[in-house]
Amino acid sequence: MSEYSMTIDGEAVFARDDEMRLEVLDPATEEVIARAPTATRTDLDRAVEAAQRAFVAWSQTSIEERRQRMFEIAAAVEANAEMLGHLITREQGKILEKGIEEAATSAAWFRTTAQYEIPKEIVSQTATTRVEIRRCPLGVVGAITPWNFPLKMGVWKIAPALLTGNTVVLKPSPHTPLSTLKFGEIVRGILPPGVVNVLCGGDELGAWMTQHEGIRKIAFTGSISTGKKILASAALDLKRVTLELGGNDAAIVLDDIDPKQVAPQLFRAAFNNGGQVCVAIKRLYVHEKVYDALCAALLEEASKIKIGVGTNPGVQLGPLNNRAQYERICVLVDDAKRNGARVLTGGAPLPGPGYFYPPTLVTEIAEGVRLVDEEQFGPVLPILRF
C-alpha cells in the first residue's frame, strides 16, 4: 500500500504513527486503498507560518514569473494526468475516463488562469489628482475542497490565488485526499517552499483553518450547513470568504420540444458523475403535453447505462463516493415512495460491495416531498408535471 505525505514548507510530512492515519476507501469495493497522514494543530500552525514567510517574497515576485511557475505546474500535472486520473477513480469512484479528464482539465485551468490580467483601474484623473484601484494580494488563503471533483476543485482555488500573489494552505476532503496529496508532491519542485501547503484531515482541520488568525481568506466548496459554520467562524476576525455551496437546481421543459432530441442532454446534465455535481439538474419540471413522452425517452437513456467499477471497460457510471451520501439517497427515494411517487427505473441500491445506486427516475411526485425540496446530490431525478 503506497504511503502518502502532506506538503508543509516544501517538505514531505508523513504520518508519525498509526493513530495519525486516515483510512481512504475505494467506494466501488469498500476496501481500504491507502492510509493518509492526518494533520495536527501543530502541523497547521507550521503550514500557515510557512505560507506567511513565503508570502513576503511571492507577493513581490513579478506576475510574469508567477505565470511561468504556473505554466510549469500545468505541464507537470498534464504529464502525470494518467496517474492522477487512476487515483481520482480509486478514491472518488468516477469512471477512469472522467478521472483522467479531471486531471487534464486541472492542468488546462492552471494554464488558462496564468494568462489572466490583473487590471489597474483609473477611477478619475485630473491635472492634479489621480485615483486608481489596484488589486493587492491578501496573504494566506485557506482552501477547503469537496469529494466530487477532488483535484479540479483544489486547482480552481489554488491557481487564481497564486496568480494574484497569495500563498495557500489546502485541505482536501477526507474521503478523497490522495490525488491532492500527490499534487502537493508534484509542485514541491516547482514552487518556492511554503507557497502551497497541502494538509489532510477531517472536519476538525477545516474548523481550525477557519479560526486561524494567520489565514486571511477562506475559499470553500461544499454543503450549505458547513458553509454557514465557516461564514460565522470567519466573521470573528473578518476573513474574506468565498463559498460555493449546494443548490437544488431546476430545469424546465416547455411543450415545444422534441422529447427524443432533448432527453440525452437532460440525462447527461442530471446524471453526470452520478449526479454528484453542484450544477447538475436536481429537479425536472415538464409541461403536461410532453410529460409522458419525455419520461419514456429518459427511461430509454437510463436503460443504456452500464454501472460498475470505474476502471472496467465500458462502464459509464460508478458508485456514490461515500456511505453517508449513499444512505442519504436511499432515504430520500424511500421517502418519495411512501409519499406516493412512482419509480420508473432504479429505486433501490444494487447488491454490494460498493456504494452503487442505479440511475433512478421518479415521476408523479409533488413539491413538499424531500426528494423535490432538498438537494439529493446523487443519481436520482424527480420529474414534476406542470
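Check the entry above for the structure.
Parameters at a glance
Along every chain, residues carry numbers that run from 1 in the direction the sequence is written. Side-chain atom pairs in this predicted model are given and counted only at pLDDT of 80 or more, local residue features only at pLDDT of at least 70, and totals for whole chains, interfaces and linings cover all residues. Excluded from the side-chain calculations are hydrogens and water; all other atoms, namely the structure's heavy atoms, are used. Secondary structure follows DSSP: runs of H or I at least 4 residues long count as helices, runs of E at least 2 residues long count as strands, and numbering of each begins at the N terminus. Using a 1.4 Å probe on the protein chains alone, a residue whose accessible area is under 20% of its type maximum counts as buried, one over 50% counts as exposed, and one in between counts as partly exposed. Contact between two residues is taken to exist if any of their heavy atoms lie within 4.5 Å; hydrogens are not considered. Note that accessible areas follow from Shrake-Rupley with a 1.4 Å probe, and for residues the cover is restricted to the protein chains shown. We count Lys and Arg on the positive side and Asp and Glu on the negative side, and we leave His and both chain ends out. By convention, charge coordinates are those of NZ in Lys, CZ in Arg, CG in Asp, or CD in Glu. Take the number of residues in a helix, subtract one, and multiply by 1.5 Å to get its expected span. For this quantity, the arc is that covered by the directions from the helix axis to the C-beta atoms. Side-chain atoms alone can form a polar contact between residues adjacent in sequence; in general such a contact is a pair of N or O atoms within 3.5 Å, and within protein one must be able to donate a hydrogen while the other accepts it. Any carboxyl oxygen of Asp or Glu that lies within 4 Å of a side-chain nitrogen of Lys or Arg is treated as forming a salt bridge with it. Cavities and pockets are defined on a 1 Å grid built over the protein atoms alone: a cavity is a set of grid points where a 1.4 Å probe fits but cannot escape, while a pocket is an open set with protein on both sides within 12 Å along at least five of seven lines, and lining residues are those with an atom within 4 Å of any such point. Grid points are joined across faces, edges and corners, and a volume is the space filled by probe spheres set on the points. Exposure above 30% relative accessible area and the absence of a salt bridge qualify a residue for a patch, where like charges join within 9 Å and nonpolar side chains (Val, Leu, Ile, Met, Phe, Trp, Tyr) within 5 Å.

A. Fine view of the overall build of the protein. The helix and strand inventory of the protein stands at twelve helices and 16 strands. By its C-alpha atoms, the protein is 65 × 65 × 40 Å across when sized along the principal axes. Evaluated residue by residue, the protein yields a buried proportion of 53% over its 386 residues. Once local pairs closer than 6 in sequence are excluded, the contacts in the protein between residues at least 24 apart make up 71%. Surface summary for the protein: the accessible area is close to 17,200 Å², and the carbon and sulfur share equals 52%. Distance between charge centres in the protein, computed from 42 positive and 47 negative side chains, equals 3 Å.

B. Representation of helix α9 (residues 259-271). For α9, spanning 13 residues, the distance from its first C-alpha to its last is 17 Å, which sits close to the expected 18 Å at 1.5 Å a residue. For α9, every residue scored as buried is listed here: P259, V262, A263, L266, F267, A270 and F271. Along α9, the residues classed as buried sweep out an arc of 145 degrees about the axis, all on the same side. Exposed positions of α9 whose direction lies more than 90 degrees from the buried face are Q261 and R268. On its buried face, α9 sits against β12 (250-253), β13 (283-286), α10 (291-303), β15 (360-363) and β16 (380-385). Capping the start of α9 is the job of one residue whose side-chain oxygen sits 3.1 Å from the backbone nitrogen of K260: D258.

C. Quick look at the pattern of salt bridges. Counting across every chain of the model gives 27 salt bridges. For the salt bridge of K239 with D237, the shortest nitrogen-to-oxygen distance reads 2.9 Å. Relative accessible area serves as the criterion here: at 7%, K239 is assigned to the buried category. Salt-bridge contacts for D249 lead to K282; the nearest nitrogen and oxygen are separated by 3.2 Å. Here D249 is found in the loop between β11 (240-245) and β12, whereas its partner K282 is found in the loop between α9 and β13, with 33 residues between them in sequence. A relative accessible area of 25% means that D249 is categorised as partly exposed.

D. Summary view of empty space enclosed by the protein. Taken as a whole, this structure holds one cavity of 30 Å³ or more when the rule is applied. A volume near 40 Å³ is recorded for the largest cavity. Around the largest cavity, the lining residues are T7, G10, V187, R188, L191, P192, P193, G194 and V196.

E. Main features of the layout of surface pockets. In this structure, the largest pocket occupies an estimated 1,000 Å³ of space. In terms of lining residues, the largest pocket is bounded by 35 residues, among which W147, F220, G222, S223 and T226 are the most central. For the lining of the largest pocket, the secondary-structure elements that each account for two or more residues are α7 (203-211), β10 (217-222), α8 (224-234) and α11 (323-338). Top element by residues in the lining of the largest pocket is α8. It accounts for six residues.

F. Here's a closer look at the side chain of N148. Mapped onto the secondary structure, N148 falls in the loop between β7 (140-144) and α5 (150-163). Among the polar contacts listed, one links the side chain of N148 to the backbone oxygen of Q276, at a separation of 3.2 Å. Sequence-distant contacts of N148, defined by excluding residues within four places in its chain, comprise Q92, K94, E102, M153, N273, Q276, V277, C278 and F377.

G. Here's a closer look at a nonpolar patch on the surface. Taken together, the side chains of W109, Y116 and W156 present a nonpolar region at the surface, about 310 Å² in accessible area. Locating Y116 in the fold gives a position in the loop between α4 (96-113) and β5 (121-125). For Y116, a relative accessible area of 43% translates into the label partly exposed.

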